[in-house]
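Letter by letter, the chains look like this.
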Protein chains: 2
Amino acid sequence: MLFKSTRAVLVAILSLASLGGAFNLGEKPVQNDKPLSIGYIIFPGFEPLDIFGPLEILFSLSGTYNMTLSTVSFTSGPVSARLPKPFTIGPDGPLTDPKYVLDPTIMATHSFKNAPKLDIIIVPGGVGDFLLDNENNFEMEHFIASRFDQAEYVLSVCTGATTLARAGILAGKRATTNKSAWQWATSSRHGANVTWIPNARWVSNEKIWTSSGVAAGMDMMYAFLSFYYGSEQVNNTVNGIEYAPHTDPHWDPFAVVHNVPGADTSRSLIDCTGPAGY
Amino acid sequence: MLFKSTRAVLVAILSLASLGGAFNLGEKPVQNDKPLSIGYIIFPGFEPLDIFGPLEILFSLSGTYNMTLSTVSFTSGPVSARLPKPFTIGPDGPLTDPKYVLDPTIMATHSFKNAPKLDIIIVPGGVGDFLLDNENNFEMEHFIASRFDQAEYVLSVCTGATTLARAGILAGKRATTNKSAWQWATSSRHGANVTWIPNARWVSNEKIWTSSGVAAGMDMMYAFLSFYYGSEQVNNTVNGIEYAPHTDPHWDPFAVVHNVPGADTSRSLIDCTGPAGY
């Protein structure tokens, strides 16, 4: 850092102190030098917030803790949220044509063939999962299964849990998934012996964490990173990005909204939240 | 849609009814044929959730209402959240090197030179704003100013409000911005005669809506789209993506957290939320 005078030093310190987590870019992050290798799986027809909700928290925290990001897909290069062809939700569903939806496009840095060693694997969901199911395409699942032992943790958001089931890594485990597509997502067709939890914002097993749909990924990621790194910097981060996380994994009003069998209709649908640590 | 039998029709209808908004892809959307042309400005050093929070709600709604998306930057092609060089926060700030942060990369479909007609312009924030300020680069602002009259609405998230100030379109108007970078963002250096509101999750003027930092963009977008299209389908959408929006624009605990001058310290920091419309 370049300082012109003592006054400039004081201004700099006060400015940085007031910035909070959103612009918490320092010098080299404070944890041990070996960066945490994060692998975010992406695929055509991804759900945008399944990726960028949790990724925002990671991005903000990456100024404090040493991390790298690989975005991994069938091929490297551009990947669109709009599917290129119609699909059905399950083998008996009506044909749905996504050609009118918006098409935000993100870059995959690696393919399933050349991804580096990954410490944390994160699997989003989206309508792309329906098409891969239609096509009996298990390449993503094979990749996840092949990297499972090497990973410290595997997390899924939304219908990404169904991908984990198809990969065989949820057998004998508890998990949750998207509530608006619950019927498709929890079908035993995808994987036997999975204990699907109908009332859960997220579920944590030893090394597998699964969240409910879309926005729930952020709440799971907040809980996971608080567990992994401790609360202080993680609270600083979510306060910097002005996100008030839902911290009770049993708060799941969307199971009620979407008529999930076994939803807890006796509990209030409301959750009260505020700045983390306050 | 292809139906094999009456039973299949019933299964299809029940499946779609239970899906909610997250997979609300139908045939051609129900509104008038002319699509709403959305322009999302992006730039190196964008804040991921500034873009993909609001964009998730738009994406989910785009199966119901006819929309197109242009992502507009200095040049078309890949745009990274990681800046390529160090920056200072304002002219007196310390030099900050972002080389260790994560680098999610998204695609710009258009440049400022060739963007189509835009009905809704959305301007995110991010550390890239600091570098553009360092470099006295006003190309983004010139684009916004040139398209302002033609647009129906202009929205900003986070330090994107400072971009609107620099574009000259906030003169004589009320606005809010990121609370963790409040001092930099509201400097009169960026634009005179802006009434910056310290306690606001978002502020709406006739055609300009500005939100507080990062996650606040989603709450503003929910309010804006409810205003623009009406509540029913928009509520369906946020319930499908399992997001419980903050609906009070005066709830702004992060102004207190970040010691913003004029923050309302008398009010509770907590907001209670649940599924929209319940």
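An unreviewed UniProt entry annotates chain A as Class I glutamine amidotransferase-like protein of Lophiotrema nucula.

(A) Highlighting the relation of the copies chain A and chain B. Of the transformation superimposing chain A on chain B, the axial component is 0.0 Å and the angular component is 180 degrees, with the fit at an RMSD of 0.0 Å. Here the two chains are linked by the operation of a two-fold rotation axis. Both copies share a contact surface, since 99% of the interface residues of chain A are interface residues in chain B too.

(B) Representation of the sheet that holds strand 1 (residues 36-41) of chain A in the model. Residue and element names in this part refer to chain A. Here 7 strands make up an open sheet; going across it, the order is 7-2-1-8-9-13-12 and the pairing mixed. The sheet terminates laterally at strand 7 (110-111) and strand 12 (202-204), the two strands that pair on one side only. Here strand 2 (residues 67-73) pairs with strand 7 via 2 bridges, running parallel. The residue bridging Val-72 from the neighbouring strand is His-110, located in strand 7. Strand contacts of helix 2 (residues 48-61): strand 1, strand 2 and strand 8 (120-123), with the helix running at about 165 degrees to strand 1, the strand carrying the most contacts. The sheet contacts of helix 4 (residues 139-147) involve strand 1, strand 2 and strand 8, and relative to strand 1 the element is tilted by about 160 degrees.

(C) Structural view of the state of the cysteines. Across all of its chains, the model carries 1 disulfide over all chains by this definition. Paired through a disulfide, Cys-272 of chain A and Cys-272 of chain B show a sulfur-sulfur distance of 2.1 Å. Residues Cys-272 of chain A and Cys-272 of chain B are joined by a disulfide whose S-S torsion is about 105 degrees; by sign, that bridge is right-handed. With Cys-272 of chain A in strand 14 (residues 271-273) and Cys-272 of chain B in strand 14 (residues 271-273), this pair bridges two chains.

(D) Region of interest: the packing of aromatic side chains. All names here are of chain A. In total, this model carries 29 aromatic pairs over all chains according to the counting rule given. Geometrically, the ring pair formed by Trp-251 and Phe-254 is edge-to-face, given 6.3 Å between the ring centres and 80 degrees between the ring planes. Its relative accessible area of 1% is what places Trp-251 among the buried residues. Here the aromatic residues Tyr-65, Tyr-153, Trp-209, Phe-224, Phe-227, Tyr-228 and Tyr-229 are joined through ring pairs into a cluster of three or more. Just above the ring of Phe-138 sits the side chain of Arg-166; from NZ or CZ to the centre is 4.0 Å.

(E) Local environment of the packing of helix 2 of chain A against helix 7 (residues 216-229) of chain A. All names here are of chain A. Running from N to C, helix 2 and helix 7 cross one another at 35 degrees; their axes reach a closest spacing of 7 Å. The element helix 2 and its partner helix 7 pack so that their crossing is right-handed. Residues Gly-53, Pro-54, Ile-57, Leu-58 and Leu-61 of helix 2 touch helix 7, and the partners they reach there are Gly-217, Met-218, Met-221, Tyr-222, Leu-225 and Tyr-229. Partitioning the contact of helix 2 with helix 7 into residue classes produces 9 nonpolar, 2 polar and no charged.

(F) Highlighting helix 8 (residues 231-240) of chain A. Taken as a whole, helix 8 of chain A has its buried residues at Val-234, Asn-235, Thr-237, Val-238, Asn-239 and Gly-240 of chain A. Phi turns positive one or two residues past the end of helix 8 of chain A, at Glu-242 of chain A, with a value near 55 degrees.

(G) Up close: the interface of chain A and chain B. Tallying the contact residues gives 86 residues for chain A and 85 residues for chain B. Buried surface at the junction of chain A and chain B, both sides included, amounts to about 7200 Å², of which 69% is carbon and sulfur. In this structure, the connection of chain A to chain B is made through 0 salt bridges. Taken together, chain A and chain B are joined by 20 residue pairs in polar contact (both at pLDDT 80 or more). The residue inventory of the side of chain A that touches chain B, partitioned by class, reads 52 nonpolar, 23 polar and 11 charged. Summarising the sheet, strand 14 of chain A and strand 14 of chain B pair through 3 bridges and their orientation is antiparallel.

(H) Region of the structure containing unusual backbone geometry. Residues and elements named next belong to chain B. With phi around 50 degrees, Asn-136 is a residue other than glycine that occupies positive phi space. What makes Asn-136 exposed here is its relative accessible area of 57%. Of note in the backbone geometry, Cys-158 takes a positive phi value of approximately 65 degrees without being a glycine. Relative to the helices and strands, Cys-158 resides in the loop between strand 9 (153-156) and helix 5 (160-166).

(I) Focus on the packing of helix 2 of chain A against helix 8 of chain A. Residue and element names in this part refer to chain A. Across the interface, helix 2 lies against helix 8 with an axial gap of 9 Å and an inter-helix angle of 115 degrees. Classified by chirality, the crossing of helix 8 by helix 2 is right-handed. Where helix 2 approaches helix 8, its residues Ile-57, Ser-60 and Leu-61 are matched on the opposing element by Gln-233, Val-234, Thr-237 and Val-238. Residue composition of the contact of helix 2 with helix 8, by class: 4 nonpolar, 3 polar and no charged.

(J) The sheet that holds strand 13 (residues 208-211) of chain B, seen in detail. Residue and element names in this part refer to chain B. Here we have 7 strands laid out as an open sheet, ordered 7-2-1-8-9-13-12, and mixed in their pairing. Bordering the open sheet on either side are strand 7 (110-111) and strand 12 (202-204), each of which pairs with just one other strand. Strands strand 1 (36-41), strand 2 (67-73) and strand 8 (120-123) of the sheet are contacted by helix 4 (residues 139-147), whose axis makes an angle of about 160 degrees with strand 1. Helix 7 (residues 216-229) contacts strand 1, strand 2, strand 8, strand 9, strand 12 and strand 13 of the sheet and is inclined by roughly 155 degrees relative to strand 13.

(K) Layout of the pattern of salt bridges. Residue and element names in this part refer to chain B. A complete count under the given rule lists 20 salt bridges over all chains for this structure. Ionic pairing is found between Arg-166 and Asp-133, a salt bridge with its closest N-O pair at 3.5 Å. Taken together, the residues Arg-166 in helix 5 and Asp-133 in helix 3 (residues 128-134) connect sequence positions 33 residues apart. Residue Arg-166 is classed as buried on the basis of its relative accessible area, which comes to 12%.

(L) View of empty space enclosed by the protein. One pass over the structure, following the stated rule, counts 7 cavities of 30 Å³ or more. Taken together, Glu-242, Tyr-243, Ala-244 and His-246 of chain A together with Arg-201, Ala-215, Asp-219, Tyr-243, Ala-244, His-246 and Trp-251 of chain B form the lining of the largest cavity. Of the residues assigned to the lining of the largest cavity, the class counts are 6 nonpolar, 2 polar and 3 charged.

How each quantity is defined
- Residues numbered from 1 in each chain as written.
- Chains lettered and ligands numbered in written order.
- Predicted model: local features only at pLDDT ≥ 70, side-chain atom pairs only at ≥ 80, totals over all residues.
- Heavy atoms only, no water.
- Least-squares fit on C-alpha atoms with pLDDT ≥ 70 in both.
- Contact = heavy atoms within 4.5 Å.
- Pairing = 2+ DSSP bridges.
- Helix = DSSP H or I, 4+ residues; strand = E, 2+ residues; numbered from the N terminus.
- Axes fitted to C-alpha atoms, helices over the stretch in contact; angles between N-to-C directions.
- Disulfide = S-S within 2.5 Å.
- Phe/Tyr/Trp six-rings, centres within 6.5 Å; stacked < 30°, edge-to-face > 60°.
- Buried < 20%, exposed > 50% of the residue type's maximum accessible area, 1.4 Å probe, protein only.
- Lys NZ or Arg CZ within 6 Å of the ring centre and 35° of its normal.
- Left-handed = near helix turned anticlockwise from the far one by under 90°.
- Nonpolar A, V, L, I, M, F, W, Y, C, P; charged D, E, K, R; others polar.
- Buried area = accessible area lost by both parts, 1.4 Å probe.
- Salt bridge = Lys/Arg side-chain N within 4 Å of Asp/Glu carboxyl O.
- Polar contact = N/O pair within 3.5 Å; in protein donor to acceptor, adjacent residues only side chain to side chain.
- 1 Å grid on protein atoms, 1.4 Å probe; cavity = no way out; pocket = protein on both sides within 12 Å on 5 of 7 lines; lining within 4 Å.
- Points joined across faces, edges and corners; volume = space filled by probe spheres on them.

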